[in-house]
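Spelled out, the chains give:
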Amino acid sequence: MGAARLLAKAWLVFCVFAGAYEAEQLFSHGVAPAQFLGPIAICVVLFGAMGLLFVGGYGVSGTHGLSLERLKPARWVPDFNGLVFLTFAVVIFVVQTAYLPEHVSGGVLSALEASVHFVIPGQRALESRLDVCTLDGGRVTASAFSWLLAVIFLGSGLSRVRLAAGIVRLERQRRRDAIGPASLTLLLGIFAVIAIQFLFLGTVFTILPCDMLVDLPGELLIGLGPLMLAYLILAAVTDLLSLGPEA
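Computed from a predicted structure; not experimentally measured.

## Section: unusual backbone geometry
Then, in step 1: Positive phi, close to 50 degrees, is recorded for Thr-134, a residue that is not glycine.
Then, in step 2: In this fold, Thr-134 is placed in the loop between α5 (121-132) and α6 (139-158).
Then, in step 3: The class for Thr-134 is exposed, based on a relative accessible area of 69%.

## Some remarks on the nonpolar core
Then, in step 1: In terms of nonpolar packing, the biggest core is built from 51 residues, with Phe-17, Tyr-21, Phe-153, Leu-188, Phe-205, Leu-213 and Leu-227 touching the most fellow members.
Then, in step 2: Looking at which element gives the most residues to this core, the answer is α6, with nine residues.
Then, in step 3: Not counting residues within four places of it along the chain, the set of residues in contact with Phe-17 comprises Ala-89, Val-90, Phe-93, Leu-220 and Leu-224.

## Quick word on a nonpolar patch on the surface
Then, in step 1: Where nonpolar side chains cluster on the molecular surface, the patch consists of Ile-179, Leu-186, Leu-187, Ile-190, Phe-191, Ile-194, Phe-198 and Ile-207 and spans about 710 Å² of accessible area.
Then, in step 2: Here the element with the most residues in the nonpolar patch is helix α8 (residues 181-200); it accounts for six residues.
Then, in step 3: Here Ile-179 lies in the loop between α7 (161-174) and α8.

## Some details on the side chain of Gln-123
Then, in step 1: Relative to the elements of secondary structure, Gln-123 occurs in helix α5.
Then, in step 2: Residue class for Gln-123 comes out buried when judged on its relative accessible area of 0%.
Then, in step 3: At 2.6 Å, the side chain of Gln-123 forms a polar contact with the side chain of Ser-143.

## Some points on the packing of aromatic side chains
Then, in step 1: On inspection of all chains with the given rule, the structure shows seven aromatic pairs.
Then, in step 2: Judged by centre distance (5.2 Å) and plane angle (65 degrees), the ring pair of Phe-85 and Tyr-231 falls under edge-to-face. Of this pair, Phe-85 sits in helix α3 (residues 80-99) while Tyr-231 sits in helix α12 (residues 225-242), and the two are 146 residues apart along the sequence. This pair shows no difference in class: Phe-85 is buried, exactly as Tyr-231 is.
Then, in step 3: A ring pair is formed by Phe-153 and Tyr-231, whose centres lie 6.0 Å apart and whose planes are at 10 degrees; its orientation type is stacked. In this pair, Phe-153 is assigned in helix α6 and Tyr-231 in helix α12, connecting sequence segments 78 residues apart. Here the two residues Phe-153 and Tyr-231 agree in accessibility, since each one is buried.

Rules used in this analysis
- Residue numbers run consecutively from 1 along every chain, following the written order of its sequence.
- Thresholds applied to this predicted model are a pLDDT of at least 70 for local features of residues and 80 or more for the giving and counting of side-chain atom pairs; totals over whole chains, interfaces and linings are not thresholded and use all residues.
- Side-chain measures were taken over the full set of non-hydrogen atoms in the model, leaving aside hydrogen atoms and water.
- Strands are runs of DSSP state E lasting at least 2 residues, helices are runs of H or I lasting at least 4, and numbering of each runs from the N terminus.
- Burial classification: accessible surface area is computed with a 1.4 Å probe over protein chains only, and a residue below 20% of its type maximum counts as buried, one above 50% as exposed, and the rest as partly exposed.
- The criterion is simple. A nonpolar core is a set of buried Ala, Val, Leu, Ile, Met, Phe, Trp, Tyr and Cys residues joined through side-chain atoms within 4.5 Å.
- Throughout, a contact is declared for two residues whenever any of their heavy atoms are within 4.5 Å.
- For patch building, the residue pool is restricted to those with more than 30% relative accessible area and no salt bridge; the joining distance is 9 Å between like charges and 5 Å between nonpolar side chains (Val, Leu, Ile, Met, Phe, Trp, Tyr).
- For the accessible areas, the method is Shrake-Rupley and the probe is 1.4 Å, while residue cover comes only from the protein chains on display.
- Any Lys or Arg side-chain nitrogen located within 4 Å of an Asp or Glu carboxyl oxygen qualifies as a salt bridge.
- In protein, a polar contact requires one atom able to donate a hydrogen and another able to accept it; more generally it is a pair of N or O atoms within 3.5 Å, and residues adjacent in sequence count only if both atoms are side-chain atoms.
- Between 30 and 60 degrees the pair is tilted, below 30 it is stacked and above 60 it is edge-to-face, where a pair is any two Phe, Tyr or Trp rings, Trp via its six-membered ring, whose centres lie within 6.5 Å.

Laid out in structure tokens, this is it:
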């Protein structure tokens, strides 16, 4: 997909789930919903609109004006990968905020933690940091569950990556991106490598203060971080394959 649409989707997902996590934290601390739902909704709308304004300006700069075709609601309907991503994101949020605080260990959850601990270096880094900060509250299990769904999403997307690359190639023949397909692929690759270093290898957890782990940044990194990393990797691979003539 184009850089503008990718940025717009990522920003909307970030704003909506950041607002949802903040609302959940306030509700869990006994604050009445009537006191925080309005201000949080206003913040989500304002920050979302601000980001979309910059993204929209970038998208228009790469074309010869704003086409009415690009404003059709059908163009904003998520594709299959987008629907899977949104479904997994909602499941992660519900499990992280509603289920795991009351079911933090035992049975299948312990086996899941052990498996992800063995495979994902970032999981081990998170566990070490939580031990230093004397925190848990289901965070280790939430991270393991998020990594599981992220791997499933990435595997599902990679199984259809050549088809997606062909669709991207056709879209580029109709609309030109401002920075060009090769430059976009390079940027996505760089961001994917940085994200892998920070999340998959766990560098971010070694530098994240303990108070942030219990606040909004920690909730987003533990819950939505692995899934967004998988989406970024999938986008980078798709754009890379779309550069080839066989796509």
